[in-house]
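# Notes for the structure review
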Amino acid sequence: MRDVIFTLLMLGAMGYALRKPWVGALLWVWMGLMNPHRYTFGFAFNLPWSMMVAGVTLIGLLRTRERQWPFRESWAPGLVLLFTVWITLSWLNGRFVDDDFPMWSRALKTFVMLLVMMSLVYTRERIQALVWVVALSIGVLGAKGGAFTVATGGSYRVWGPADSWVFDNNAFAVALIMVIPLLRYLQTQLPQQSHRWYRRALGLAAVLCAAAALGSQSRGGFLALSAMGLLLWWRGRNRFLGAAALVLVVAWLLMLMPESWFDRMRTIQSYDDDVSALGRLAAWKVAIGLAGDHLTGAGFTTGLSEYFYRYLGIQREGIVAHSIYFEVLGQHGYPGLLIFLAIGVSAWRAASRVRKEARDIPEAQWCVSLVSLCQVSLLGYAVGGAFLTLAFYDLPYYVLAMVVLTRQWVARRGWETDALLPSQWTAQLRSGPVVSGAMPAKR
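These remarks concern the structure in this document. These numbers were taken from a predicted model, which means no experiment stands behind them.

### Topic: the overall build of the protein
- Broken down by element type, the protein carries 17 helices and zero strands.
- In the protein, 78% of the contacts between residues at least 6 apart in sequence involve partners at least 24 apart.

### Remarks on the environment of Leu202
- Assignment of secondary structure puts Leu202 in helix α8 (residues 196-215).
- The spacing of Leu202 and Ala143 is 59 residues in sequence and 9.8 Å in space, taken between C-alpha atoms.
- Setting aside chain neighbours within four positions, we find Leu202 in contact with Trp132, Leu136, Leu183, Leu186, Gln187 and Leu190.

### A word on a nonpolar patch on the surface
- Together, Met1, Val4, Ile5, Leu8, Leu9, Leu11, Phe43, Leu47 and Met52 make up a nonpolar patch on the protein surface, roughly 900 Å² of accessible area in all.
- Per-element accounting of the nonpolar patch gives the leading share, five residues, to helix α1 (residues 2-19).
- By secondary structure assignment, the location of Ile5 is in helix α1.

### Focus on the environment of Gln408
- Structurally, the position occupied by Gln408 is in helix α16 (residues 394-411).
- You can call Gln408 buried: its relative accessible area is 2%.
- Along the sequence, Gln408 and Phe71 sit 337 residues apart, while their C-alpha atoms lie 9.6 Å from each other.
- Once residues lying within four places of it in the same chain are set aside, the contact partners of Gln408 are Gln68, Pro70, Arg72 and Glu73.
- Engagement of the side chain of Gln408 in a polar contact is seen with the side chain of Gln68, the distance being 2.7 Å.

### Looking at the environment of Pro77
- Position of Pro77 among the secondary structure elements: in helix α4 (residues 76-93).
- Taking relative accessible area as the criterion, Pro77 reaches 0% and is therefore assigned buried.
- For the pair Pro77 and Ala347, spaced 270 residues apart in the sequence, the C-alpha separation amounts to 9.3 Å.
- Among all residues touching Pro77, those that are not within four sequence positions of it are Pro70, Phe71, Leu115, Met118 and Val404.

### Description of the packing of α4 against helix α5 (residues 97-120)
- Close contact between α4 and α5 brings their axes to 10 Å; oriented N to C, the two are set at 170 degrees. Between α4 and α5, the crossing angle belongs to the class labelled roughly antiparallel. Crossing handedness for the pair α4 and α5: left-handed. Of α5, the residues touching α4 (which contributes Pro77, Val80, Leu81, Phe83, Thr84, Ile87, Thr88, Trp91 and Leu92) are Val97, Asp100, Phe101, Trp104, Ala107, Leu108, Phe111, Leu114, Leu115 and Met118.
- For the contact of α4 with α5, the class distribution of residues is 16 nonpolar, two polar and one charged.

### Quick notes on helix α6 (residues 124-152)
- Given a rise of 1.5 Å per residue, 29 residues ought to cover 42 Å, and the 41 Å separating the end C-alpha atoms of α6 matches this to within 8%.
- Approximately 30 degrees is the largest bend angle found in α6, and it occurs at Leu136.
- Within two residues after α6, Gly153 carries a phi angle of roughly 65 degrees, on the positive side.

### Overview of the packing of aromatic side chains
- For the structure on display, the rule yields 15 aromatic pairs.
- Aromatic pair Trp284 and Phe326: ring centres 4.7 Å apart, planes at 5 degrees, arrangement stacked. Remark: Phe326 occurs in helix α14 (residues 324-357) and Trp284 occurs in helix α12 (residues 275-293); sequence separation between them is 42 residues.
- The exposure class assigned to Trp284 is buried, which follows from its relative accessible area of 17%.
- Owing to a relative accessible area of 23%, Phe326 belongs among the partly exposed residues under this scheme.
- Among the aromatic residues, ring-to-ring pairing joins Phe83, Phe111, Phe300, Phe340, Phe392 and Tyr397 into one connected group.
- The ring of Phe45 has Arg38 sitting right over it, with the charged end atom 4.5 Å from the ring centre.
- One residue, Arg200, lies across the ring of Trp197, its end atom 4.6 Å from the ring centre.

### So, unusual backbone geometry
- Phi at Asn35 is positive, roughly 50 degrees, even though this residue is not glycine.
- Mapped onto the fold, Asn35 is located in the loop between α2 (21-34) and α3 (49-63).
- Located in the positive-phi region is Arg413, a residue other than glycine, with phi close to 55 degrees.

### A few points about the nonpolar core
- Core analysis: the biggest nonpolar cluster contains 119 residues, and Phe83 and Met117 have the highest contact counts within it.
- Looking at this core, the element that brings in the most residues is helix α7 (residues 169-189), giving 14 residues.
- Ala282, Leu290, Ala298 and Leu304 belong to the second largest nonpolar core, which has eight residues in total.

### Brief notes about the packing of α7 against helix α15 (residues 365-384)
- Contact pair α7 / α15: the axes reach a minimum separation of 8 Å and the direction vectors enclose 170 degrees. As judged from the angle between their axes, α7 and α15 are roughly antiparallel. On α15, the residues touching Val174, Ile177, Met178, Pro181, Leu182, Arg184, Tyr185, Thr188 and Gln189 of α7 are Trp366, Ser369, Leu370, Leu373, Cys374, Val376, Ser377, Gly380, Tyr381 and Gly384.
- Split into classes, the residues belonging to the contact of α7 with α15 amount to 12 nonpolar, six polar and one charged.

### Focus on the side chain of Glu327
- Here Glu327 shows up in helix α14.
- Arg106 provides the closest opposite charge to the buried, salt-bridge-free Glu327, at an N-O distance of 10 Å.
- Ignoring any residue separated from it by four or fewer positions in sequence, one finds Glu327 in contact with Ala321, Leu388, Thr389, Leu390, Ala391 and Phe392.

What counts, and at which threshold
- Residues numbered from 1 in each chain as written.
- Predicted model: local features only at pLDDT ≥ 70, side-chain atom pairs only at ≥ 80, totals over all residues.
- Heavy atoms only, no water.
- Helix = DSSP H or I, 4+ residues; strand = E, 2+ residues; numbered from the N terminus.
- Contact = heavy atoms within 4.5 Å.
- Patch = residues over 30% accessible without salt bridge, like charges linked within 9 Å, V, L, I, M, F, W, Y side chains within 5 Å.
- Areas by Shrake-Rupley, 256 points an atom, 1.4 Å probe, with all protein chains shown as cover.
- Salt bridge = Lys/Arg side-chain N within 4 Å of Asp/Glu carboxyl O.
- Buried < 20%, exposed > 50% of the residue type's maximum accessible area, 1.4 Å probe, protein only.
- Polar contact = N/O pair within 3.5 Å; in protein donor to acceptor, adjacent residues only side chain to side chain.
- Axes fitted to C-alpha atoms, helices over the stretch in contact; angles between N-to-C directions.
- Parallel < 35°, antiparallel > 145°, perpendicular 65-115°, else oblique.
- Left-handed = near helix turned anticlockwise from the far one by under 90°.
- Nonpolar A, V, L, I, M, F, W, Y, C, P; charged D, E, K, R; others polar.
- Expected span 1.5 Å × (residues − 1).
- Bend = angle between axes of the 7 residues up to and from the residue.
- Phe/Tyr/Trp six-rings, centres within 6.5 Å; stacked < 30°, edge-to-face > 60°.
- Lys NZ or Arg CZ within 6 Å of the ring centre and 35° of its normal.
- Core = buried A, V, L, I, M, F, W, Y, C linked by side-chain atoms within 4.5 Å.
- Lys, Arg positive; Asp, Glu negative; His and termini not counted.

Structure representation (structure tokens):
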């Protein structure tokens, strides 16, 4: 019965996406982050839903006039396209073209659909809808994991959804940490009086996501959560009250953790006695060696025993870099790493420009709040990703898209054409966007 209901809902949503392809873009985001079909147990479990959603969205993109040119006001979209070309060259120049095809194909789909989404999601209501989809897709899973952590006193590790990018406990922790600022943003956008319970639910979800991140017992996640918390405190309006609230929440969460959690966190300082940490350091040295010998890197396969023997003189196999930076370095060389870093820097600079240009515009205060918290989210990824193989995980690219789309909205003075209140979304979903049948005006 669950499969039938899910299939009917998806068919209806895809039918609507043919007329409103931006809905299809959000469906793609939802499918990629939450994997809802994995909660069915019959015929719907293995159907290629993402491929069907992508096909419907692309058809809708070709038919609609409600789209924009995504390569404006920021270098980030162009750099994403350049990175796509470069990893393709790296894949073709690698030793295992056939074996690496699935990884290349997955990255290609992520980047192509990212650019498609940035062509369709350009009004305020669509950007806000994107934030809701991204935050709740991970936030619901985090709230469930956080409740489990609280109920069990942190005695068991929290894992992500099966057959997903974030099944590993460490990867799931970073994903949870990245959506906490987005949940906070959504909370600030709801009126305090009329939506009091919704605001409380979002606040509780953010706390439970933090609990789940700690419950994953991920050391990288703990460092990312610490860095994110410090930035949130530094940017808070009242640092004294912010520090007090932060200390109370952290103290409560740490009281839930068992002694095994503290034992694991202590290994951050004694990494030289930790087999896992030493394996990662060895993989980083191999990545440096591969990048030095190959301009385009070694391709998507870098954990071969012969590589470890060539650069370190040891027999090891199957150890990956466990770092987004060394992952890209070993797989795609120094040019690939440079492009990858430039994407993040360009997104950060675009957010800073929005904070500077929109801070005195009342209609654009939501933009300042959104990009500020997106920066916090990206910091969590930059810190936590230093210890994880998540360079091609789609969540940080969706956060990047939020920044770029908001920057474009401010640059074209979007408040003059399509400013919407959150309460208008439902009616707007039925009637279509304000800027109907036309592309946004150029500056």
